[in-house]
Amino acid sequence: MSSSQSVRSVARAIGILQAMNRQPVSTVDMLHLQTSLPKPTIVRLLRTLEDLQLVRHAPQHGAYYLTSEVRSLSTGYHSEPQIVEAAMSLMDAMTLKVKWPMAIAVFEDNAVVVRYSTIPLSPLALLHSSINMRLSLASRALGRAYLAFCDNEEQQIILDALALSNNTEDAPARDRIAFQALLQDIRSNGYATRSRTARPVSQTIAVPILVQNRVVATVGLTFFSSVLTDKKAIATYLADLQELARKVSTRLQQLDNPSNGKALSNAKNSLKRQDK
């Protein structure tokens, strides 16, 4: 099979999965109308997807349906709107309580990008906005927290790229041995802080948001260096920040599988009734 044929087969299989996702069950006739693919091609693709346990055939109804195994295709991926949805109210509440601004960032092209910030709610913010700000993985707390907690293979690939970067804030990563020791310390401590050479007027504490041991985002709290020492800020806010990250993780998993959240809620309500 030529490479063009291989690519076309992949595109057709994805098209079938997308079409099947629009309805509970699908017949070959329905998929033919939705995709314009020849029926023999559709049958071959369905049999392949069935072998992969992504699709199941119900012969008595002459129909096919997706299995729960299709969730494996999106394991570890959480769309940015979903991450913001899970984190926003928790971050807002914490900023209203402690006053310091917070931000959540996701990995993008060898940096992290801020996707939500509580700056508008904070009377202690230095910036008007940090939305869409790109932050170095080598110098910024939100970036370091991502790099320290991602898996080793991904970390090594990113470090290779950072070694070639012309960004001055990526310079710490060029000393591979020293920087990897720093990442190990961050992972052991459970949090990252910003390099002193990057915006010394303030400091940030950041922690990872993990879903099934994979980093999907990082969240941090920023404070004035003249008001708090790192030690004092960590003692005061780290536990709450880590708890917030755990709650965001739980919410993300519930958004991915709403039935789990409903079952958990029903169980809690049942226990409450039993306690009365």
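Predicted, not measured: the structure shown is a model, and the values here were computed from it.

Asks: So what's going on with the pattern of salt bridges? Residues and values would help.
Replies: Side-chain pairs of opposite charge can arise whenever the charged atoms involved come near each other. All chains considered together, the criterion is met by eight salt bridges. Ionic pairing is found between R115 and E108, a salt bridge with its closest N-O pair at 3.0 Å. According to the relative accessible area criterion, R115 is partly exposed, its value standing at 21%. Ionic pairing is found between E169 and R140, a salt bridge with its closest N-O pair at 2.9 Å. One end of the pair, E169, is in the loop between α6 (152-162) and α7 (176-189); the other, R140, is in the loop between β5 (134-135) and α5 (141-149), and 29 residues separate them in sequence. For E169, a relative accessible area of 22% translates into the label partly exposed.

Asks: Explain the sheet that holds strand β7 (residues 202-211) residue by residue, including any values.
Replies: Strand order in the open sheet made by the six strands is β5-β4-β3-β8-β7-β6, with antiparallel pairing throughout. Looking at which strands have only one partner, the edges of the open sheet turn out to be β5 and β6 (192-193). Pairing of β6 with β7, which is carried by two bridges, proceeds in the antiparallel orientation. Each residue of the ladder has a partner; that of T193, found in β7, is I205. Most of the contacts of helix α4 (residues 80-98) go to strand β3 (residues 102-107), to which it runs at about 160°, and overall it touches β3, β4 (112-117) and β8 (214-224). Sitting on the sheet, helix α8 (residues 230-256) is in contact with β3, β7 and β8, with an inclination near 30° to β7.

Asks: Kindly report on the packing of aromatic side chains, identifying the contributing residues and their values.
Replies: Across all of its chains, the model carries two aromatic pairs by this definition. On the basis of an interplanar angle of 85° and a centroid distance of 5.3 Å, the ring pair of W100 and F224 is categorised as edge-to-face. Separated by 124 residues along the polypeptide, W100 in the loop between α4 and β3 and F224 in strand β8 bring together distant segments of the chain. Centroid distance F107 to Y146: 5.0 Å. Interplanar angle 10°. Geometry classified as stacked. Of the two residues, F107 is situated in strand β3 and Y146 in helix α5; the sequence distance between them amounts to 39 residues. The partly exposed category is assigned to F107, whose relative accessible area is 30%.

Asks: Tell me about the pairing of β7, and name the residues and values.
Replies: Most of β7 is tucked away: nine of the ten residues are buried. The sheet contact formed by β7 and β8 spans ten bridges and is antiparallel. For Q203, the partnering residue across the bridge sits in β8 and is F223. As consecutive antiparallel partners, β7 and β8 are separated by two residues, and within that stretch Q212 has a phi angle of approximately 55°, a positive value.

Criteria and cut-off values
Each chain carries its own residue numbering, running from 1 in the direction its sequence is written. Where local features are concerned, this predicted model is filtered to residues with pLDDT of at least 70; where side-chain atom pairs are given and counted, the filter is 80 or more; whole-chain, interface and lining totals use all residues. As a convention, hydrogens and water are excluded, and side-chain values are obtained from all of the structure's heavy atoms. What counts as a salt bridge is simple: a side-chain nitrogen of Lys or Arg found within 4 Å of a carboxyl oxygen of Asp or Glu. Relative accessibility under 20% of the residue-type maximum defines a buried residue, over 50% an exposed one, and the middle range a partly exposed one, all with a 1.4 Å probe and only protein chains included. Each helix is a run of DSSP H or I of at least 4 residues and each strand a run of E of at least 2, with the numbering of both proceeding from the N terminus. Pairing between strands is defined by DSSP: at least two bridges between the two strands are required. Throughout, a contact is declared for two residues whenever any of their heavy atoms are within 4.5 Å. Only the stretch in contact is used when fitting a helix axis, every axis being a line fitted to C-alpha atoms; angles between N-to-C directions are given from 0 to 180 degrees. Any pair of Phe, Tyr and Trp rings, taking the six-membered ring for Trp, is counted once the centres come within 6.5 Å. Such a pair is stacked with planes under 30 degrees apart, edge-to-face with planes over 60 apart, and tilted for the rest.

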